[in-house]
Amino acid sequence: MRFTYAEAMTQATYYAPLAQAAEKAGYTSMTVADSLIYPKDSDSKYPYTDTGDREFLEGKEFIETMVLCAHLFAHTTTLRLTPFVLKLPVRPPVLVAKQASSLAFLSNNRLGLGVGISPWPEDFANLGVPWEKRGKRMDECMDILRGLTTGEFFSYSGEFYEVDELKQCPGASEKIPLLVGGHADAALRRAVRKGDGWMHAGGDGEELDRLLTRLAEIRAEEGDTRDDFEVHVISYDAYDLDGIKRLEDKGVTDCIVGFRVPYIKGPDTEPLEKKIEHLERYAENIIAKAG
């Protein structure tokens, strides 16, 4: 089992010292959240909280995800970063491929690129991308990322994107894992067909079991027997050793753990020192003992 530290919607100046502390404590990875805009007026609902409220996002300091990854890679040496998740189809895929390859090159292949479809129609509207057929657009973006990040000549002709035969240098010296976020059946199938893993966004244990069962079914249907397929989950089971074993038995490879509920209105008032204390205590009590 690998362990990923998650913190989001806190003071932007906290991220570098938290990344350094997580690396020192023995975490494999740290998540990096993605949020592009906060529209003043919207009736959109957030799909991963009980109420669907979105007001918790207002006023939060979000450094652009790829920029923050570069910053955190410069402050660490072994810690992996997993965007959780990059809103891919609202971004130009050729540009994202260049960013991802550059990050992989500079970090010695420490990027696990979590990708997903933004739940906010306003993201699409304000970045000039149609909301319709966003799933198909996502698929094409992933194809382009996969092709261009090799550093070899690549061309693409799809419904939404045309890429001339070209290459970007430097490419990644190892394949950049594409980790697909989302709970819809289409997202699970996309993770298997086009990705290298799946990222769970949270929820109760019964729903997680249903998703893991469905993911296993899709992998069997697709004939996917990869040993390196990654399954990242958020679960209360991650907070005790017996629970870790249960998650391993269900095929989970990476536990995402955090130590506060980030979906709160207003600023995060927890001091940096307290955050570091929480992550270190977990590392001592769980990571070290889980082996």
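Model, not experiment: these values are computed from the prediction. (Residues numbered from 1 in each chain as written. Predicted model: local features only at pLDDT ≥ 70, side-chain atom pairs only at ≥ 80, totals over all residues. Heavy atoms only, no water.)

Observations concerning the overall build of the chain
A tally of regular secondary structure across the chain gives nine helices and eleven strands. By the compact-globule yardstick of 19 Å for 291 residues, the chain fits well, its C-alpha radius of gyration being 18 Å. If one aligns the C-alpha atoms of the chain with their principal axes, the spans along those axes are about 50 × 45 × 40 Å. Buried positions account for 52% of the 291 residues belonging to the chain. Total accessible area on the chain is roughly 13800 Å²; 51% of this is exposed by carbon and sulfur atoms. Each charge sign in the chain was given a centre, from 35 positive and 48 negative side chains, and these centres are 1 Å apart. (Helix = DSSP H or I, 4+ residues; strand = E, 2+ residues; numbered from the N terminus. Rg over C-alpha atoms; globule rule 2.2 N^0.38 Å. Buried < 20%, exposed > 50% of the residue type's maximum accessible area, 1.4 Å probe, protein only. Areas by Shrake-Rupley, 256 points an atom, 1.4 Å probe, with all protein chains shown as cover. Lys, Arg positive; Asp, Glu negative; His and termini not counted. Charge placed at Lys NZ, Arg CZ, Asp CG, Glu CD.)

Structural notes on the packing of helix α6 (residues 185-193) against helix α7 (residues 205-221)
Two elements in contact, α6 and α7, have axes whose closest approach is 9 Å; the angle formed by their N-to-C orientations is 50°. What the angle tells us is that α6 and α7 run oblique. Here α6 and α7 pass one another in a crossing that is right-handed. In this structure, α6 uses Asp 185, Leu 188, Arg 189 and Val 192 to contact α7, whose residues at the interface are Leu 211, Arg 214, Leu 215, Ile 218, Arg 219 and Glu 221. Grouping the amino acids of the contact of α6 with α7 by side-chain chemistry returns five nonpolar, no polar and five charged. (Axes fitted to C-alpha atoms, helices over the stretch in contact; angles between N-to-C directions. Parallel < 35°, antiparallel > 145°, perpendicular 65-115°, else oblique. Left-handed = near helix turned anticlockwise from the far one by under 90°. Contact = heavy atoms within 4.5 Å. Nonpolar A, V, L, I, M, F, W, Y, C, P; charged D, E, K, R; others polar.)

What to know about the nonpolar core
In terms of nonpolar packing, the biggest core is built from 69 residues, with Tyr 27, Leu 113, Trp 198 and Tyr 282 touching the most fellow members. Of all the elements, helix α9 (residues 272-290) adds the most residues to this core, at seven residues. In contact with Tyr 282, not counting residues within four places along its chain, are Phe 3, Tyr 27, Ala 238, Tyr 239, Ile 244, Val 257, Phe 259 and Ile 287. One finds Tyr 46, Phe 56, Leu 57 and Trp 120 within the second-largest nonpolar core, a separate group that totals five residues. (Core = buried A, V, L, I, M, F, W, Y, C linked by side-chain atoms within 4.5 Å.)

Some thoughts on empty space enclosed by the protein
Gaps left between atoms show up when a probe the size of a water molecule is rolled over them. Taken as a whole, this structure holds two cavities of 30 Å³ or more when the rule is applied. In this structure, the largest cavity spans a volume of roughly 80 Å³. Contributing to the lining of the largest cavity are 13 residues, with Tyr 15, Val 32, Ala 33, Phe 62 and Leu 68 lying nearest its centre. Sorting the residues of the lining of the largest cavity by element identifies β2 (29-32) and α2 (65-74) as the ones contributing at least two each. With three residues, β2 is the largest single contributor of residues to the lining of the largest cavity. (1 Å grid on protein atoms, 1.4 Å probe; cavity = no way out; pocket = protein on both sides within 12 Å on 5 of 7 lines; lining within 4 Å. Points joined across faces, edges and corners; volume = space filled by probe spheres on them.)

Concerning the layout of surface pockets
Looking at the second largest pocket, its volume works out to about 200 Å³. Forming the walls of the second largest pocket are Arg 80, Ala 104, Asn 109, Leu 111, Glu 174, Lys 175, Ile 176, Pro 177, Asp 196, Arg 226, Asp 228 and Glu 230. When its residues are assigned to classes, the lining of the second largest pocket shows four nonpolar, one polar and seven charged.

All quantities given are derived from atomic positions and should not be read as evidence of function.
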